[in-house]
Amino acid sequence: MLDGDTFTATDAAGDPVGRVRLVGVDAPELTQRQCWSQDATNALRQLVITGTRVELTVDPGQGERDHYGRLLGYVRTTDAAGLDVSLQLLEHGHARPWGQHPRRQAYEDAAEEAADPDVGVWGACR
């Protein structure tokens, strides 16, 4: 786990895929020790714990990789819950919506729900 919006992944065979950057969210930076960064990192770790299978969908408007070489995409768990990882982070106040993309409105709505009662980063990092 690198921080609250970036993690390292392997493919089904266990071969390294590299770093994956979640599209649509921005979590506090762990390397900069920003407020709530450890909590955001822990939340992402719980969502994509080692061995969790996920599906990565590339947003055609974003490209496959960013300028750091990270894979960019929407990540969904492949278990019965089928959770949108970015949406989960937003709903629980571990990230803020970021960028222009097709899921922006849903992500902004989720962040508003968390911000209203000051959940997570919204309450801790004013």
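See the structure above.
Residues numbered from 1 in each chain as written. Predicted model: local features only at pLDDT ≥ 70, side-chain atom pairs only at ≥ 80, totals over all residues. Heavy atoms only, no water.

Caption draft 1: Inspection of helix 3 (residues 104-115) at higher detail. The first and last C-alpha atoms of helix 3 sit 16 Å apart over 12 residues, in line with the 16 Å expected at 1.5 Å per residue. Of all the positions in helix 3, only Y107, A110, A111 and A114 are classed as buried. Burial along helix 3 is one-sided: seen end-on, the buried residues are contained in an arc of 100°. Turned more than 90 degrees away from the buried face of helix 3, the exposed residues are Q105, E112 and E113. In this structure, the buried side of helix 3 is in contact with strand 3 (25-26), strand 5 (71-77), helix 2 (85-91), strand 6 (96-97) and helix 4 (121-124). (Helix = DSSP H or I, 4+ residues; strand = E, 2+ residues; numbered from the N terminus. Expected span 1.5 Å × (residues − 1). Buried < 20%, exposed > 50% of the residue type's maximum accessible area, 1.4 Å probe, protein only. Arc of directions from axis to C-beta. Contact = heavy atoms within 4.5 Å.)

Caption draft 2: Structural context of the side chain of H101. Its place among the elements puts H101 in the loop between strand 6 and helix 3. Separated by 3.4 Å, the side chain of H101 and the backbone oxygen of W98 make a polar contact. Here the side chain of H101 touches R104 through a polar contact of 3.1 Å, landing on its backbone nitrogen. With residues up to four places along the chain from it excluded, the contact list for H101 reads V23, G24, D59, Q62, Y74 and Y107. (Polar contact = N/O pair within 3.5 Å; in protein donor to acceptor, adjacent residues only side chain to side chain.)

Caption draft 3: View of unusual backbone geometry. Of note in the backbone geometry, R33 takes a positive phi value of approximately 55° without being a glycine. With respect to the secondary-structure elements, R33 resides in the loop between strand 3 and helix 1 (37-47). On the accessibility criterion, R33 (77% relative accessible area) is exposed. Here W36, not a glycine, exhibits a phi torsion of approximately 75°, which is positive. Inspection of the secondary structure assignment puts W36 in the loop between strand 3 and helix 1. Judged by relative accessible area, W36 falls into the partly exposed class, the value being 22%.

Caption draft 4: Region of the structure containing a negative patch on the surface. Taken together, the side chains of E91, D109, E112, E113 and D116 define an acidic patch exposed on the protein surface. Looking at the negative patch element by element, the count peaks at three residues for helix 3. (Patch = residues over 30% accessible without salt bridge, like charges linked within 9 Å, V, L, I, M, F, W, Y side chains within 5 Å. Areas by Shrake-Rupley, 256 points an atom, 1.4 Å probe, with all protein chains shown as cover. Salt bridge = Lys/Arg side-chain N within 4 Å of Asp/Glu carboxyl O. Lys, Arg positive; Asp, Glu negative; His and termini not counted. Charge placed at Lys NZ, Arg CZ, Asp CG, Glu CD.)

Caption draft 5: Spatial organisation of the pattern of salt bridges. Summed over all chains, the structure comprises five salt bridges. For R21, the salt bridge goes to D5, with nearest N and O atoms at 3.5 Å. Of this pair, R21 sits in strand 2 (residues 16-22) while D5 sits in the segment before strand 1 (6-10), placing them 16 residues apart in sequence. Comparing R21 with D5 shows no difference in burial state: the two are buried. Here E108 and R104 are joined by a salt bridge, their closest N and O atoms 2.6 Å apart. Of this pair, E108 and R104 are both found in helix 3, four residues apart, which corresponds to roughly one turn of the helix. Judged by relative accessible area, E108 falls into the partly exposed class, the value being 25%.

That is the geometry; function is a separate question.
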